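Residue-level listing of the chains:
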Amino acid sequence: MLVLLFGIVFVLSGCTSGSMSMEPITAESEGIWDGLILYNLSRVIIWISELMGGNYGLGIIIFTLLIRVLLIPVTRYQMKSTQKMSDLAPQMQELKEKYNTEDKKQVEEYNEAVAQLYEENDANPYASCLPLLVQTPILIALYQTISRTPIISSSDFLWVNLGQPDPYYILPLLAALLAFANSKLTMMNSPSQPGTGAMVYAMPLMIFFISFRLASALSLYFVVSNAAMVAQTLLLNNPFKRRKEMEAKEAAEYEAEERRLRALKRARKTGRSVKK
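Identification of the protein chain as Membrane protein insertase YidC from Atopococcus tabaci is taken from an unreviewed UniProt entry. What UniProt states about the protein chain under its Function (unreviewed entry) heading is, verbatim, "Required for the insertion and/or proper folding and/or complex formation of integral membrane proteins into the membrane. Involved in integration of membrane proteins that insert both dependently and independently of the Sec translocase complex, as well as at least some lipoproteins." UniProt, in the comment section headed Subcellular location (unreviewed entry), describes the protein chain in these words: "Cell membrane".

Here it is, written out as structure tokens:
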């Protein structure tokens, strides 16, 4: 995931340095990227914005929400896979203790055992990267579309010009804070999964560094997208609800064990034979 984030930074930085064509997108633009993808994307954003009374900031917000809705199946798959990986963490630890990682043959056996464990439980260790992988071309296309569509890049929304960086860094900071909130919620659902702790801080930092020097429209996309992700996490995989359920389950198991021990103690006093 970190490699993907660095890739986004590298590509978007290349866009700002002029390594990619920055000619305006028009109906005469040619090629699959300019003439098909970027031109139609700009038409969609302009059309949505006109429905919002010509407000291109609102148009980008609605567009972002539509993208998040389309990504719900991917997000749900990622959440389920992440939870499976968290549930498998104790078994993974047992495998690490069982095999000697300094012995080449045992390393191969360990890798085979891990692969078999994933297959038996239908777990995918790379599923957490899927939403970011899907969004990467969207981010690049969105940035190019905004930068190369004059009517969008010259529009104002709140205190920012959509084609220029946020002068007060409010949107980048807000995007980073929302990314941190979502990462924290994800870690609460998968406390035992390796690597989640680092991503809690890495993701927000990378989003801030991506946002603070690029067009405010991209920062706005991050803000709305991350806010939608927080809402989706709370609705689809609420860690607070899950924690309450786990606590209730543990309390019920504890109470059942206490009842069993009390019944066993009474049976011993009366001399009755009972099953433990």
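Alright, that's what it looks like, and here's the rest.
A. View of the overall build of the protein chain. What the protein chain contains, in helices and strands, is twelve helices and two strands. Going from N to C terminus, the protein chain has its helices and strands arranged as α-α-α-α-α-α-α-α-β-β-α-α-α-α. Here the protein chain displays about 16000 Å² of accessible surface, and carbon together with sulfur accounts for 61% of that area.

B. Structural view of the confidence of the model for the protein chain. Scored by pLDDT, the protein chain has a mean of 77; 80% of the residues are at 70 or more. Ignoring residues within four places in sequence, the model shows residues 13-20, a span with pLDDT below 50, making twelve contacts including any to other chains.

C. Representation of the UniProt feature "transmembrane region" (unreviewed entry) in the protein chain in the model. As recorded in UniProt, the sites labelled "transmembrane region" (unreviewed entry) are residues 45-71, 166-183 and 195-212. As annotated, residues 45-71 has a helix share of 81% and a strand share of 0%, and its two end C-alpha atoms lie 18 Å apart. In this annotation, residues 166-183 is assigned 78% helix and 0% strand; the end-to-end C-alpha distance for the span is 24 Å.

D. Structural view of the packing of aromatic side chains. Considering all chains together, one arrives at five aromatic pairs under this definition. Taking 5.8 Å as the distance between ring centres and 70° as the angle between the ring planes, the aromatic pair formed by phenylalanine 208 and phenylalanine 209 counts as edge-to-face. With a relative accessible area of 22%, phenylalanine 208 lands in the partly exposed category. The class for phenylalanine 209 is partly exposed, based on a relative accessible area of 47%. On the basis of an interplanar angle of 70° and a centroid distance of 6.1 Å, the ring pair of tyrosine 221 and phenylalanine 222 is categorised as edge-to-face. Like phenylalanine 222, tyrosine 221 is buried. Here the aromatic residues Tyr169, Phe208, Phe209 and Phe212 are joined through ring pairs into a cluster of three or more.

E. Representation of the pattern of salt bridges in the model. Evaluated as defined, the whole model comprises one salt bridge. Aspartate 34 is the salt-bridge partner of arginine 148, the closest N and O atoms lying 2.9 Å from each other. A residue pair is termed long-range when its members are at least 10 positions apart, and arginine 148 in helix H7 (residues 130-148) and aspartate 34 in helix H2 (residues 31-51) qualify at 114 residues. We note that arginine 148, like aspartate 34, is buried.

F. Region of interest: a nonpolar patch on the surface. Together, Trp47, Leu51, Met52, Leu58, Ile62, Leu65 and Leu66 make up a nonpolar patch on the protein surface, roughly 640 Å² of accessible area in all. Elements with a minimum of two residues in the nonpolar patch: H2 and helix H3 (56-70). For the nonpolar patch, the element with the most residues is H3, which contributes four residues. Looking at where methionine 52 falls in the secondary structure, it is placed in the loop between H2 and H3.

G. Up close: the environment of leucine 66. The residue leucine 66 is located in helix H3 in this model. Of the residues examined, leucine 66 reaches a relative accessible area of 45% and is grouped as partly exposed. C-alpha separation for the pair leucine 66 and serine 225, spaced 159 residues apart in sequence, amounts to 9.9 Å.

H. Structural context of H3. Taking 1.5 Å of rise per residue, 15 residues should cover 21 Å, and H3 covers 21 Å from first to last C-alpha, within 8% of that figure. Among all positions of H3, only Tyr56, Gly57, Gly59, Ile60, Ile61, Phe63, Thr64, Ile67 and Arg68 are buried. Of the residues that open H3, the one with a side-chain oxygen 3.1 Å from the backbone nitrogen of glycine 57 is asparagine 55.

Conventions adopted
Residues numbered from 1 in each chain as written. Predicted model: local features only at pLDDT ≥ 70, side-chain atom pairs only at ≥ 80, totals over all residues. Heavy atoms only, no water. UniProt positions renumbered as here; feature names shortened; annotations may be inferred. Helix = DSSP H or I, 4+ residues; strand = E, 2+ residues; numbered from the N terminus. Areas by Shrake-Rupley, 256 points an atom, 1.4 Å probe, with all protein chains shown as cover. pLDDT = per-residue confidence, 0-100. Contact = heavy atoms within 4.5 Å. Phe/Tyr/Trp six-rings, centres within 6.5 Å; stacked < 30°, edge-to-face > 60°. Buried < 20%, exposed > 50% of the residue type's maximum accessible area, 1.4 Å probe, protein only. Salt bridge = Lys/Arg side-chain N within 4 Å of Asp/Glu carboxyl O. Patch = residues over 30% accessible without salt bridge, like charges linked within 9 Å, V, L, I, M, F, W, Y side chains within 5 Å. Expected span 1.5 Å × (residues − 1). Polar contact = N/O pair within 3.5 Å; in protein donor to acceptor, adjacent residues only side chain to side chain.

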